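# Structural overview for review
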Amino acid sequence: MAKKSYSFYPGCSSQKAASASNYMVSVNSMCKTLDIELNEIPDWNCCSASIGYSGGGELPRLALSARNMAISERENPGQDIVATCAACWLATREAQERLHDDDKLMTETNEALAQAGLKVEANQNIRHMVEVLIEDLGYEEMGKHVTKPLDGVKIAGYVGCQTNRPFGIDGESYENPKYLDKLVETMGAEPIENYDQKVSCCGGALAFSEPEKSQALIKDIIESAYDGGADMIVTPCPVCQMNVEVYQDHINQKYKTNFKMPVVYYSTLMTVAYGGSGKDAGLDGQIIKAKQLEEIASK
Amino acid sequence: MTDANQQMVEQYRNSFLREVEENVEEGEWVKMCMQCGVCSGSCPLGPYWDHPPQEIFMMIRAGKRDEVLQSTSMWMCTSCYNCIVRCPRELPITHIMHGLAHYAKRLGIAPKNQPTHKFSQLFWDNLTKTGRVNELKLGLSLYFMNGIGEGIKTSLKMQKIGLGMLMTKRLSPMELIGGHKCKDAKGLHAILEKAEELEAARIPVAGK
Ligand code: SF4
Ligand code: SF4
Ligand code: SF4
Ligand code: SF4
(Lines give C-alpha, C1' and ligand atoms only; values in the text may rest on other atoms or scores of the structure.)
(Ligands and ions follow the chains in the order given, each with its own letter.)
Protein backbone atom coordinates (compact mmCIF):
# COMPACT_ATOMS: atom_id res chain seq x y z
CA MET A 1 0.00 0.00 0.00
CA ALA A 2 1.17 3.49 -0.76
CA LYS A 3 2.04 5.90 2.00
CA LYS A 4 -0.93 7.66 3.54
CA SER A 5 -0.59 11.16 4.99
CA TYR A 6 -2.72 12.85 7.61
CA SER A 7 -2.83 16.13 9.45
CA PHE A 8 -2.27 15.05 13.02
CA TYR A 9 -3.85 16.51 16.16
CA PRO A 10 -2.05 14.81 19.08
CA GLY A 11 -3.88 16.51 21.97
CA CYS A 12 -2.38 17.48 25.25
CA SER A 13 -2.46 14.10 27.00
CA SER A 14 -0.25 12.56 24.28
CA GLN A 15 2.57 15.06 24.70
CA LYS A 16 5.95 13.99 25.93
CA ALA A 17 5.82 13.34 29.69
CA ALA A 18 2.04 13.61 29.80
CA SER A 19 -0.37 10.93 30.94
CA ALA A 20 -0.75 9.27 27.54
CA SER A 21 2.80 9.76 26.25
CA ASN A 22 3.15 5.98 26.01
CA TYR A 23 0.14 5.97 23.68
CA MET A 24 2.05 8.18 21.23
CA VAL A 25 5.06 5.86 21.36
CA SER A 26 2.99 2.89 20.24
CA VAL A 27 1.03 4.93 17.69
CA ASN A 28 4.28 6.03 16.10
CA SER A 29 5.58 2.45 15.93
CA MET A 30 2.29 1.21 14.50
CA CYS A 31 2.22 3.95 11.88
CA LYS A 32 5.76 3.20 10.82
CA THR A 33 4.85 -0.41 10.09
CA LEU A 34 1.67 0.59 8.27
CA ASP A 35 3.33 3.38 6.29
CA ILE A 36 1.09 6.06 7.75
CA GLU A 37 2.58 9.55 7.90
CA LEU A 38 1.35 11.87 10.65
CA ASN A 39 2.04 15.55 10.04
CA GLU A 40 1.53 17.29 13.34
CA ILE A 41 -0.56 20.47 13.13
CA PRO A 42 2.08 23.10 13.94
CA ASP A 43 1.55 24.87 17.26
CA TRP A 44 -1.83 23.16 17.89
CA ASN A 45 -3.67 24.04 21.07
CA CYS A 46 -5.77 22.00 23.45
CA CYS A 47 -9.48 21.83 22.62
CA SER A 48 -10.97 21.98 26.17
CA ALA A 49 -12.65 18.60 25.57
CA SER A 50 -16.09 18.27 27.18
CA ILE A 51 -15.12 19.93 30.43
CA GLY A 52 -14.01 23.52 29.78
CA TYR A 53 -17.56 24.85 29.77
CA SER A 54 -17.50 26.53 33.17
CA GLY A 55 -15.09 29.23 32.09
CA GLY A 56 -15.46 28.84 28.35
CA GLY A 57 -18.60 29.99 26.57
CA GLU A 58 -19.69 28.48 23.27
CA LEU A 59 -17.78 30.88 21.04
CA PRO A 60 -14.43 30.80 22.86
CA ARG A 61 -14.58 26.99 22.90
CA LEU A 62 -15.39 26.92 19.21
CA ALA A 63 -12.49 29.27 18.61
CA LEU A 64 -10.10 26.82 20.26
CA SER A 65 -10.99 24.02 17.86
CA ALA A 66 -11.25 26.44 14.95
CA ARG A 67 -7.68 27.60 15.49
CA ASN A 68 -6.45 24.02 15.08
CA MET A 69 -8.57 23.53 11.97
CA ALA A 70 -7.38 26.83 10.51
CA ILE A 71 -3.71 25.99 10.98
CA SER A 72 -4.29 22.51 9.60
CA GLU A 73 -5.99 23.86 6.47
CA ARG A 74 -3.11 26.21 5.86
CA GLU A 75 -0.19 23.91 6.70
CA ASN A 76 -1.52 20.46 5.78
CA PRO A 77 -3.95 21.17 2.93
CA GLY A 78 -5.78 18.29 1.33
CA GLN A 79 -5.27 15.97 4.28
CA ASP A 80 -7.80 14.61 6.75
CA ILE A 81 -7.31 15.64 10.37
CA VAL A 82 -6.63 12.63 12.56
CA ALA A 83 -6.83 12.54 16.36
CA THR A 84 -5.81 9.73 18.69
CA CYS A 85 -7.88 11.00 21.62
CA ALA A 86 -11.63 10.44 21.49
CA ALA A 87 -12.33 13.72 23.24
CA CYS A 88 -10.14 15.70 20.81
CA TRP A 89 -11.78 14.02 17.87
CA LEU A 90 -15.24 14.67 19.19
CA ALA A 91 -14.67 18.29 20.20
CA THR A 92 -13.14 19.14 16.84
CA ARG A 93 -15.83 17.35 14.86
CA GLU A 94 -18.60 18.98 16.85
CA ALA A 95 -17.02 22.38 16.32
CA GLN A 96 -16.95 21.72 12.60
CA GLU A 97 -20.66 20.82 12.56
CA ARG A 98 -21.58 23.86 14.62
CA LEU A 99 -19.65 26.19 12.31
CA HIS A 100 -21.25 24.74 9.21
CA ASP A 101 -24.76 24.87 10.70
CA ASP A 102 -24.61 28.43 11.94
CA ASP A 103 -23.41 31.24 9.69
CA LYS A 104 -23.29 33.72 12.52
CA LEU A 105 -20.99 31.52 14.60
CA MET A 106 -18.81 30.97 11.54
CA THR A 107 -18.52 34.73 10.95
CA GLU A 108 -17.78 35.49 14.58
CA THR A 109 -15.27 32.65 14.84
CA ASN A 110 -13.41 34.02 11.86
CA GLU A 111 -13.51 37.49 13.33
CA ALA A 112 -11.80 36.08 16.43
CA LEU A 113 -9.28 34.04 14.44
CA ALA A 114 -8.37 37.11 12.41
CA GLN A 115 -6.75 38.48 15.57
CA ALA A 116 -3.96 35.98 14.96
CA GLY A 117 -4.04 36.21 11.17
CA LEU A 118 -6.00 32.98 10.74
CA LYS A 119 -9.08 31.99 8.78
CA VAL A 120 -11.13 28.81 8.91
CA GLU A 121 -13.36 27.01 6.42
CA ALA A 122 -13.58 23.81 8.48
CA ASN A 123 -13.63 21.63 5.39
CA GLN A 124 -11.16 18.89 6.24
CA ASN A 125 -12.57 15.56 7.42
CA ILE A 126 -11.97 14.98 11.12
CA ARG A 127 -11.27 11.39 12.01
CA HIS A 128 -10.25 9.13 14.85
CA MET A 129 -7.20 6.97 14.32
CA VAL A 130 -9.27 3.78 14.50
CA GLU A 131 -11.38 5.04 11.58
CA VAL A 132 -8.22 5.43 9.55
CA LEU A 133 -7.15 1.90 10.42
CA ILE A 134 -10.51 0.32 9.65
CA GLU A 135 -11.64 2.38 6.68
CA ASP A 136 -8.46 3.42 4.91
CA LEU A 137 -6.44 0.26 5.57
CA GLY A 138 -8.86 -2.49 6.60
CA TYR A 139 -8.43 -5.59 8.74
CA GLU A 140 -6.75 -7.58 5.98
CA GLU A 141 -4.01 -5.02 5.53
CA MET A 142 -3.59 -4.69 9.31
CA GLY A 143 -3.34 -8.45 9.60
CA LYS A 144 -0.68 -8.78 6.91
CA HIS A 145 1.98 -7.21 9.10
CA VAL A 146 1.50 -9.54 12.07
CA THR A 147 4.70 -11.45 12.74
CA LYS A 148 4.06 -12.41 16.37
CA PRO A 149 0.41 -13.30 16.83
CA LEU A 150 -0.76 -12.63 20.39
CA ASP A 151 -1.64 -16.29 20.91
CA GLY A 152 -3.65 -17.14 23.99
CA VAL A 153 -4.06 -13.58 25.29
CA LYS A 154 -7.67 -12.90 26.29
CA ILE A 155 -8.68 -9.29 25.87
CA ALA A 156 -11.75 -7.25 26.83
CA GLY A 157 -12.37 -4.50 24.28
CA TYR A 158 -13.50 -1.45 26.23
CA VAL A 159 -14.82 1.02 23.69
CA GLY A 160 -16.13 3.53 26.25
CA CYS A 161 -18.26 6.54 25.38
CA GLN A 162 -16.82 9.15 23.16
CA THR A 163 -15.24 6.92 20.54
CA ASN A 164 -18.68 5.36 20.26
CA ARG A 165 -21.20 8.17 20.73
CA PRO A 166 -22.54 10.31 19.20
CA PHE A 167 -20.60 9.69 15.99
CA GLY A 168 -19.11 6.25 16.44
CA ILE A 169 -17.45 4.22 13.74
CA ASP A 170 -19.43 3.79 10.53
CA GLY A 171 -21.41 0.58 10.32
CA GLU A 172 -21.08 -0.21 14.04
CA SER A 173 -23.92 -0.16 16.56
CA TYR A 174 -23.90 2.04 19.66
CA GLU A 175 -24.85 -0.83 21.94
CA ASN A 176 -22.41 -3.44 20.70
CA PRO A 177 -19.66 -2.15 18.42
CA LYS A 178 -17.46 -4.98 17.22
CA TYR A 179 -14.41 -3.26 15.78
CA LEU A 180 -12.13 -3.53 18.82
CA ASP A 181 -12.91 -7.23 19.07
CA LYS A 182 -12.17 -7.69 15.37
CA LEU A 183 -8.93 -5.82 15.79
CA VAL A 184 -7.97 -8.02 18.75
CA GLU A 185 -8.69 -11.10 16.63
CA THR A 186 -6.69 -9.71 13.73
CA MET A 187 -3.68 -9.48 16.07
CA GLY A 188 -4.09 -13.16 16.93
CA ALA A 189 -5.49 -12.62 20.43
CA GLU A 190 -8.85 -13.69 21.76
CA PRO A 191 -11.60 -11.12 22.37
CA ILE A 192 -13.78 -12.01 25.36
CA GLU A 193 -17.44 -12.47 24.52
CA ASN A 194 -20.35 -10.69 26.10
CA TYR A 195 -18.30 -7.97 27.73
CA ASP A 196 -21.33 -6.18 29.09
CA GLN A 197 -19.50 -3.00 30.15
CA LYS A 198 -18.05 -2.47 26.68
CA VAL A 199 -19.71 0.90 26.10
CA SER A 200 -20.33 2.00 29.69
CA CYS A 201 -19.05 5.32 30.91
CA CYS A 202 -16.07 5.48 33.26
CA GLY A 203 -16.99 8.93 34.51
CA GLY A 204 -14.75 10.77 32.06
CA ALA A 205 -13.47 14.07 33.37
CA LEU A 206 -15.53 13.61 36.53
CA ALA A 207 -13.00 10.98 37.62
CA PHE A 208 -11.05 13.99 38.89
CA SER A 209 -13.82 15.99 40.50
CA GLU A 210 -16.06 13.13 41.68
CA PRO A 211 -13.57 10.32 42.33
CA GLU A 212 -15.80 8.13 44.51
CA LYS A 213 -18.73 8.24 42.13
CA SER A 214 -16.55 7.56 39.10
CA GLN A 215 -14.64 4.76 40.75
CA ALA A 216 -17.91 2.93 41.32
CA LEU A 217 -18.41 2.98 37.53
CA ILE A 218 -14.81 1.96 36.87
CA LYS A 219 -15.14 -0.95 39.27
CA ASP A 220 -17.96 -2.44 37.17
CA ILE A 221 -15.94 -2.00 33.98
CA ILE A 222 -12.99 -3.95 35.41
CA GLU A 223 -15.09 -6.54 37.21
CA SER A 224 -16.98 -7.42 34.07
CA ALA A 225 -13.66 -7.93 32.23
CA TYR A 226 -12.55 -10.35 34.96
CA ASP A 227 -15.91 -12.14 34.80
CA GLY A 228 -15.39 -12.69 31.09
CA GLY A 229 -11.96 -14.20 31.76
CA ALA A 230 -9.91 -11.31 30.37
CA ASP A 231 -6.15 -11.03 30.93
CA MET A 232 -6.21 -7.36 30.01
CA ILE A 233 -8.39 -4.54 28.73
CA VAL A 234 -7.78 -2.65 25.49
CA THR A 235 -9.09 0.88 24.82
CA PRO A 236 -9.07 3.38 21.93
CA CYS A 237 -8.95 6.48 24.15
CA PRO A 238 -6.33 8.00 26.49
CA VAL A 239 -8.88 9.23 29.00
CA CYS A 240 -10.52 5.81 29.27
CA GLN A 241 -7.10 4.16 29.55
CA MET A 242 -5.99 6.36 32.40
CA ASN A 243 -9.28 6.16 34.29
CA VAL A 244 -9.48 2.40 34.11
CA GLU A 245 -5.80 1.74 34.88
CA VAL A 246 -4.67 4.12 37.58
CA TYR A 247 -7.42 3.96 40.22
CA GLN A 248 -7.34 0.19 40.72
CA ASP A 249 -5.48 0.48 44.05
CA HIS A 250 -8.06 2.92 45.38
CA ILE A 251 -10.86 0.65 44.22
CA ASN A 252 -9.21 -2.38 45.85
CA GLN A 253 -9.00 -0.53 49.12
CA LYS A 254 -12.54 0.65 49.09
CA TYR A 255 -14.26 -2.44 47.72
CA LYS A 256 -11.86 -5.14 49.02
CA THR A 257 -11.24 -6.32 45.49
CA ASN A 258 -7.99 -7.64 44.08
CA PHE A 259 -7.83 -5.89 40.75
CA LYS A 260 -4.59 -5.86 38.85
CA MET A 261 -5.83 -5.61 35.31
CA PRO A 262 -3.47 -4.16 32.70
CA VAL A 263 -5.12 -1.62 30.38
CA VAL A 264 -3.46 -1.08 27.01
CA TYR A 265 -4.18 0.69 23.73
CA TYR A 266 -5.02 -0.97 20.40
CA SER A 267 -1.72 0.46 19.17
CA THR A 268 0.13 -1.33 22.00
CA LEU A 269 -1.29 -4.66 20.83
CA MET A 270 -0.52 -3.89 17.21
CA THR A 271 3.06 -2.84 17.86
CA VAL A 272 3.78 -6.06 19.77
CA ALA A 273 2.05 -8.21 17.15
CA TYR A 274 4.07 -6.43 14.47
CA GLY A 275 7.27 -7.55 16.17
CA GLY A 276 8.12 -4.32 17.98
CA SER A 277 10.01 -4.26 21.27
CA GLY A 278 8.36 -3.52 24.61
CA LYS A 279 9.83 -0.05 24.34
CA ASP A 280 8.39 0.50 20.85
CA ALA A 281 5.00 -0.49 22.23
CA GLY A 282 5.24 1.87 25.21
CA LEU A 283 4.95 -1.07 27.61
CA ASP A 284 7.32 0.71 30.00
CA GLY A 285 4.50 3.23 30.45
CA GLN A 286 2.15 0.67 31.98
CA ILE A 287 1.55 1.30 35.67
CA ILE A 288 0.05 -2.18 35.83
CA LYS A 289 2.48 -4.18 33.74
CA ALA A 290 1.14 -6.15 30.79
CA LYS A 291 3.39 -9.16 31.43
CA GLN A 292 2.05 -11.37 28.64
CA LEU A 293 2.76 -8.68 26.08
CA GLU A 294 6.22 -8.11 27.55
CA GLU A 295 6.97 -11.81 27.14
CA ILE A 296 5.82 -11.90 23.55
CA ALA A 297 7.74 -8.72 22.77
CA SER A 298 10.98 -10.07 24.21
CA LYS A 299 10.81 -13.40 22.37
CA MET B 1 -27.79 38.85 43.16
CA THR B 2 -25.39 39.92 40.48
CA ASP B 3 -26.06 42.62 37.95
CA ALA B 4 -25.89 40.28 34.98
CA ASN B 5 -28.41 38.00 36.60
CA GLN B 6 -30.72 40.89 37.51
CA GLN B 7 -30.52 42.21 33.98
CA MET B 8 -31.68 38.87 32.56
CA VAL B 9 -34.44 38.47 35.16
CA GLU B 10 -35.85 41.81 34.12
CA GLN B 11 -35.43 41.27 30.43
CA TYR B 12 -37.24 37.92 30.43
CA ARG B 13 -39.67 38.53 33.24
CA ASN B 14 -42.30 36.17 31.97
CA SER B 15 -40.47 33.54 30.09
CA PHE B 16 -37.58 31.48 31.30
CA LEU B 17 -38.04 29.23 28.26
CA ARG B 18 -37.37 32.17 25.95
CA GLU B 19 -34.39 33.19 28.05
CA VAL B 20 -32.94 29.70 27.65
CA GLU B 21 -33.71 29.61 23.94
CA GLU B 22 -31.95 32.87 23.34
CA ASN B 23 -28.96 32.56 25.67
CA VAL B 24 -28.11 28.94 26.40
CA GLU B 25 -26.03 26.86 24.01
CA GLU B 26 -28.47 24.72 21.96
CA GLY B 27 -31.27 26.07 24.18
CA GLU B 28 -33.61 26.45 21.20
CA TRP B 29 -34.07 22.66 21.33
CA VAL B 30 -35.68 22.56 24.77
CA LYS B 31 -39.24 22.99 23.46
CA MET B 32 -38.85 19.88 21.30
CA CYS B 33 -38.70 17.61 24.35
CA MET B 34 -41.73 15.33 24.56
CA GLN B 35 -41.06 14.22 28.16
CA CYS B 36 -40.58 10.54 27.36
CA GLY B 37 -37.94 10.17 30.08
CA VAL B 38 -35.45 8.09 28.10
CA CYS B 39 -32.62 10.54 28.78
CA SER B 40 -33.16 10.48 32.53
CA GLY B 41 -32.51 6.76 32.66
CA SER B 42 -29.26 7.19 30.76
CA CYS B 43 -27.04 9.26 33.06
CA PRO B 44 -24.24 7.22 34.63
CA LEU B 45 -24.40 9.36 37.77
CA GLY B 46 -28.20 9.46 37.62
CA PRO B 47 -28.79 8.72 41.33
CA TYR B 48 -26.95 11.93 42.20
CA TRP B 49 -28.92 14.26 39.96
CA ASP B 50 -31.57 16.24 41.88
CA HIS B 51 -33.30 16.82 38.56
CA PRO B 52 -32.54 14.52 35.62
CA PRO B 53 -32.53 16.09 32.13
CA GLN B 54 -36.20 15.42 31.35
CA GLU B 55 -37.20 17.11 34.58
CA ILE B 56 -34.92 20.06 33.87
CA PHE B 57 -36.62 20.56 30.51
CA MET B 58 -40.01 20.46 32.20
CA MET B 59 -38.87 22.94 34.85
CA ILE B 60 -37.60 25.33 32.19
CA ARG B 61 -41.05 25.36 30.64
CA ALA B 62 -42.62 25.85 34.04
CA GLY B 63 -40.43 28.89 34.62
CA LYS B 64 -38.55 27.49 37.59
CA ARG B 65 -35.58 29.66 36.90
CA ASP B 66 -33.70 29.66 40.21
CA GLU B 67 -34.25 25.96 40.80
CA VAL B 68 -32.77 25.12 37.42
CA LEU B 69 -29.85 27.51 37.32
CA GLN B 70 -28.81 26.95 40.94
CA SER B 71 -29.04 23.18 40.63
CA THR B 72 -25.97 20.94 40.91
CA SER B 73 -27.56 18.53 38.44
CA MET B 74 -26.09 19.69 35.14
CA TRP B 75 -22.64 19.58 36.74
CA MET B 76 -23.08 15.80 37.13
CA CYS B 77 -23.03 15.27 33.37
CA THR B 78 -20.14 12.99 32.38
CA SER B 79 -20.53 13.77 28.66
CA CYS B 80 -21.21 10.11 27.94
CA TYR B 81 -23.65 10.90 25.10
CA ASN B 82 -25.96 8.03 26.06
CA CYS B 83 -28.91 10.42 26.03
CA ILE B 84 -28.15 12.00 22.66
CA VAL B 85 -28.12 8.73 20.76
CA ARG B 86 -31.32 7.56 22.45
CA CYS B 87 -33.53 10.67 22.46
CA PRO B 88 -36.40 10.13 20.00
CA ARG B 89 -36.50 13.87 19.34
CA GLU B 90 -32.73 14.11 18.81
CA LEU B 91 -32.19 16.82 21.39
CA PRO B 92 -28.49 17.62 21.91
CA ILE B 93 -29.00 17.00 25.64
CA THR B 94 -25.31 16.84 26.58
CA HIS B 95 -24.71 20.28 25.10
CA ILE B 96 -27.79 21.77 26.71
CA MET B 97 -26.50 20.51 30.10
CA HIS B 98 -23.11 22.11 29.47
CA GLY B 99 -24.86 25.20 28.18
CA LEU B 100 -27.05 25.57 31.27
CA ALA B 101 -24.05 25.02 33.55
CA HIS B 102 -22.08 27.68 31.71
CA TYR B 103 -24.99 30.11 31.69
CA ALA B 104 -25.47 29.75 35.46
CA LYS B 105 -21.76 30.27 35.98
CA ARG B 106 -21.78 33.24 33.65
CA LEU B 107 -24.54 34.94 35.62
CA GLY B 108 -22.71 34.20 38.85
CA ILE B 109 -25.38 31.94 40.35
CA ALA B 110 -23.91 28.44 39.90
CA PRO B 111 -23.55 26.39 43.12
CA LYS B 112 -20.22 27.51 44.58
CA ASN B 113 -18.94 24.31 46.11
CA GLN B 114 -19.93 21.86 43.44
CA PRO B 115 -16.64 20.01 42.67
CA THR B 116 -17.09 19.71 38.90
CA HIS B 117 -17.96 23.40 38.71
CA LYS B 118 -14.60 24.15 40.35
CA PHE B 119 -12.69 21.59 38.33
CA SER B 120 -14.15 22.76 35.04
CA GLN B 121 -13.04 26.31 35.80
CA LEU B 122 -9.55 25.14 36.83
CA PHE B 123 -9.30 23.17 33.61
CA TRP B 124 -10.26 26.16 31.49
CA ASP B 125 -7.86 28.51 33.31
CA ASN B 126 -5.03 25.99 33.08
CA LEU B 127 -5.58 25.38 29.38
CA THR B 128 -6.05 28.96 28.24
CA LYS B 129 -2.94 30.17 30.01
CA THR B 130 -0.54 28.49 27.58
CA GLY B 131 -2.87 26.83 25.09
CA ARG B 132 -2.10 23.38 26.43
CA VAL B 133 -3.19 21.58 29.54
CA ASN B 134 -0.46 21.23 32.13
CA GLU B 135 -1.48 18.05 33.89
CA LEU B 136 0.80 18.48 36.88
CA LYS B 137 -0.33 22.00 37.70
CA LEU B 138 -3.93 21.02 37.02
CA GLY B 139 -3.57 18.05 39.35
CA LEU B 140 -2.04 20.12 42.11
CA SER B 141 -4.63 22.87 41.92
CA LEU B 142 -7.28 20.18 41.87
CA TYR B 143 -6.04 18.64 45.11
CA PHE B 144 -5.97 22.00 46.76
CA MET B 145 -9.25 23.33 45.44
CA ASN B 146 -10.97 22.61 48.73
CA GLY B 147 -8.32 24.32 50.85
CA ILE B 148 -4.94 23.34 52.23
CA GLY B 149 -6.04 20.73 54.78
CA GLU B 150 -8.22 18.82 52.33
CA GLY B 151 -5.54 19.27 49.69
CA ILE B 152 -2.87 17.54 51.71
CA LYS B 153 -5.23 14.66 52.40
CA THR B 154 -6.09 14.32 48.72
CA SER B 155 -2.51 14.52 47.56
CA LEU B 156 -1.46 11.85 50.06
CA LYS B 157 -4.21 9.66 48.75
CA MET B 158 -3.13 10.36 45.19
CA GLN B 159 0.57 10.06 45.94
CA LYS B 160 0.88 6.48 44.75
CA ILE B 161 -0.79 7.28 41.45
CA GLY B 162 1.46 10.28 41.03
CA LEU B 163 4.54 8.18 41.70
CA GLY B 164 3.41 5.55 39.23
CA MET B 165 2.93 8.24 36.62
CA LEU B 166 6.35 9.76 37.38
CA MET B 167 8.11 6.42 37.22
CA THR B 168 6.60 5.52 33.90
CA LYS B 169 7.44 9.04 32.62
CA ARG B 170 3.77 9.89 32.14
CA LEU B 171 4.12 12.92 34.38
CA SER B 172 7.10 15.22 34.51
CA PRO B 173 8.16 17.43 37.41
CA MET B 174 9.55 19.84 34.80
CA GLU B 175 5.98 20.80 33.99
CA LEU B 176 5.96 22.87 37.17
CA ILE B 177 8.61 25.20 35.82
CA GLY B 178 7.95 25.52 32.16
CA GLY B 179 5.98 22.77 30.55
CA HIS B 180 4.15 22.48 27.30
CA LYS B 181 2.78 25.54 25.62
CA CYS B 182 1.71 27.06 22.34
CA LYS B 183 4.42 29.16 20.74
CA ASP B 184 1.87 31.70 19.69
CA ALA B 185 0.17 31.95 23.07
CA LYS B 186 -0.22 35.65 22.38
CA GLY B 187 -2.22 34.97 19.24
CA LEU B 188 -4.32 32.43 21.05
CA HIS B 189 -5.09 34.90 23.83
CA ALA B 190 -6.07 37.54 21.27
CA ILE B 191 -8.43 35.05 19.62
CA LEU B 192 -10.04 34.10 22.91
CA GLU B 193 -10.37 37.68 24.02
CA LYS B 194 -12.13 38.62 20.81
CA ALA B 195 -14.42 35.60 21.04
CA GLU B 196 -15.32 36.51 24.61
CA GLU B 197 -15.96 40.09 23.62
CA LEU B 198 -18.28 39.10 20.75
CA GLU B 199 -20.17 36.71 22.98
CA ALA B 200 -20.47 39.22 25.82
CA ALA B 201 -22.13 41.65 23.40
CA ARG B 202 -24.98 39.14 23.17
CA ILE B 203 -25.02 37.59 26.66
CA PRO B 204 -23.93 39.47 29.80
CA VAL B 205 -21.25 38.18 32.17
CA ALA B 206 -21.33 38.64 35.93
CA GLY B 207 -18.71 41.02 37.26
CA LYS B 208 -17.92 42.56 33.87
S1 SF4 C 1 -9.50 16.34 24.46
FE2 SF4 C 1 -8.19 16.15 26.12
S3 SF4 C 1 -6.32 15.41 25.27
FE4 SF4 C 1 -7.51 16.14 23.65
S5 SF4 C 1 -6.68 18.20 23.37
FE6 SF4 C 1 -8.51 18.29 24.56
S7 SF4 C 1 -7.97 18.27 26.63
FE8 SF4 C 1 -6.25 17.65 25.39
S1 SF4 D 1 -15.31 5.99 28.64
FE2 SF4 D 1 -14.89 7.64 29.96
S3 SF4 D 1 -12.99 8.55 29.26
FE4 SF4 D 1 -13.65 7.18 27.70
S5 SF4 D 1 -14.69 8.49 26.34
FE6 SF4 D 1 -16.21 7.78 27.86
S7 SF4 D 1 -16.30 9.24 29.45
FE8 SF4 D 1 -14.52 9.59 28.19
S1 SF4 E 1 -35.17 11.62 25.71
FE2 SF4 E 1 -35.46 13.49 24.56
S3 SF4 E 1 -37.65 13.71 24.33
FE4 SF4 E 1 -37.30 12.18 25.91
S5 SF4 E 1 -37.39 13.34 27.81
FE6 SF4 E 1 -35.26 13.26 27.21
S7 SF4 E 1 -34.94 15.11 25.99
FE8 SF4 E 1 -37.12 14.79 26.18
S1 SF4 F 1 -24.31 13.01 28.41
FE2 SF4 F 1 -24.79 13.90 30.37
S3 SF4 F 1 -26.97 14.22 30.32
FE4 SF4 F 1 -26.48 12.76 28.73
S5 SF4 F 1 -26.73 10.75 29.63
FE6 SF4 F 1 -24.60 11.31 29.83
S7 SF4 F 1 -24.46 12.25 31.84
FE8 SF4 F 1 -26.62 12.23 31.28
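What counts and how
- Residues numbered from 1 in each chain as written.
- Chains lettered and ligands numbered in written order.
- Predicted model: local features only at pLDDT ≥ 70, side-chain atom pairs only at ≥ 80, totals over all residues.
- Heavy atoms only, no water.
- Helix = DSSP H or I, 4+ residues; strand = E, 2+ residues; numbered from the N terminus.
- Expected span 1.5 Å × (residues − 1).
- Buried < 20%, exposed > 50% of the residue type's maximum accessible area, 1.4 Å probe, protein only.
- Contact = heavy atoms within 4.5 Å.
- Core = buried A, V, L, I, M, F, W, Y, C linked by side-chain atoms within 4.5 Å.
- Near = heavy atom within 4 Å.
- Nonpolar A, V, L, I, M, F, W, Y, C, P; charged D, E, K, R; others polar.
- Buried area = accessible area lost by both parts, 1.4 Å probe.
- Salt bridge = Lys/Arg side-chain N within 4 Å of Asp/Glu carboxyl O.
- Polar contact = N/O pair within 3.5 Å; in protein donor to acceptor, adjacent residues only side chain to side chain.
- Domains from an automatic or database assignment.

### Examining helix H9 (residues 211–227) of chain A
Residues and elements named next belong to chain A. Taking 1.5 Å per residue as the helical rise, H9 with its 17 residues ought to reach 24 Å, and the 24 Å between its terminal C-alpha atoms agrees with that figure. Considered for burial, the residues of H9 that qualify are Lys213, Ser214, Gln215, Leu217, Ile218, Lys219, Ile221, Ile222, Ser224 and Ala225. Packing partners of the buried residues in H9 comprise strand E5 (154–157), helix H8 (206–209), strand E7 (232–235), helix H10 (238–246) and helix H11 (248–255). Within two residues after H9, glycine 229 carries a phi angle of roughly 85°, on the positive side.

### Things to note about helix H2 (residues 58–75) of chain A
Between the first and last C-alpha of H2 of chain A there are 26 Å, a value that for 18 residues agrees with the 26 Å anticipated at 1.5 Å per step. When you tally the buried positions in H2 of chain A, you get 16 out of 18 residues, the bulk of the element.

### Digging into the nonpolar core
Note on soluble globular proteins: their nonpolar side chains tend to be buried together. Counting 87 residues, the largest nonpolar core has Val120 of chain A together with Phe57, Ile60, Leu69, Met97 and Leu100 of chain B as its most contacted members. Broken down by element, this core gets its largest block of residues, eight residues, from H2 of chain A. Residues within four places of phenylalanine 57 of chain B in sequence aside, it is in contact with Val30, Cys33, Gln35, Leu91, Ile93, Ile96 and Met97 of chain B. With 47 residues, the next largest nonpolar core counts Cys31, Val199, Tyr274 and Ala290 of chain A among its residues.

### Considering the site of ligand 1
All residues adjacent to ligand 1 are Tyr9, Gly11, Cys12, Ser13, Cys46, Cys47, Ser48, Ala49, Cys85, Ala87 and Cys88 of chain A together with Phe123 of chain B. Surrounding ligand 1 is a set of residues that belongs to chains A and B. Partitioning the shell around ligand 1 into residue classes produces nine nonpolar, three polar and no charged.

### Some words on the interface of chain A and chain B
Contact with chain A, which involves 70 residues of that partner, is made by 63 residues of chain B. Of the roughly 5,800 Å² buried between chain A and chain B on both sides combined, carbon and sulfur atoms contribute 61%. Seen at the junction of chain A and chain B, the total is four salt bridges. Linking glutamate 25 of chain B and arginine 61 of chain A is a salt bridge whose minimum nitrogen-to-oxygen distance equals 2.5 Å. Inspection of the chain A/chain B interface yields 23 residue pairs in polar contact (both at pLDDT 80 or more). Secondary structure elements with two or more residues in the side of chain A that touches chain B: helix H1 (21–34), H2, helix H3 (86–101), helix H4 (103–113), H8, H9, H10 and H11 of chain A. Considering every element that reaches the side of chain A that touches chain B, the biggest residue donor is H2 of chain A, with seven residues. Taken together, the residues that form the side of chain A that touches chain B break down as 30 nonpolar, 21 polar and 19 charged.

### Things to note about the environment of glycine 138 of chain A
Among the secondary structure elements, glycine 138 of chain A is positioned in the loop between helix H5 (129–137) and helix H6 (139–144). Sequence separation between glycine 138 of chain A and asparagine 28 of chain A is 110 residues, and the spatial gap between their C-alpha atoms is 18 Å.

### Comments concerning the domain arrangement of chain B
All names here are of chain B. Taken domain by domain, chain B holds domain 1 (3–111) and domain 2 (115–200). Contacts between domain 1 and domain 2 engage six residues on the former and six residues on the latter. At the boundary of domain 1 with domain 2, total buried surface from both sides reaches about 500 Å², with 48% on carbon and sulfur atoms. When residues of domain 1 are sorted by the area they lose upon contact with domain 2, Trp75, Lys105 and Arg106 head the list and together hold 82% of the total. Inspection of the region where domain 1 meets domain 2 yields one salt bridge.

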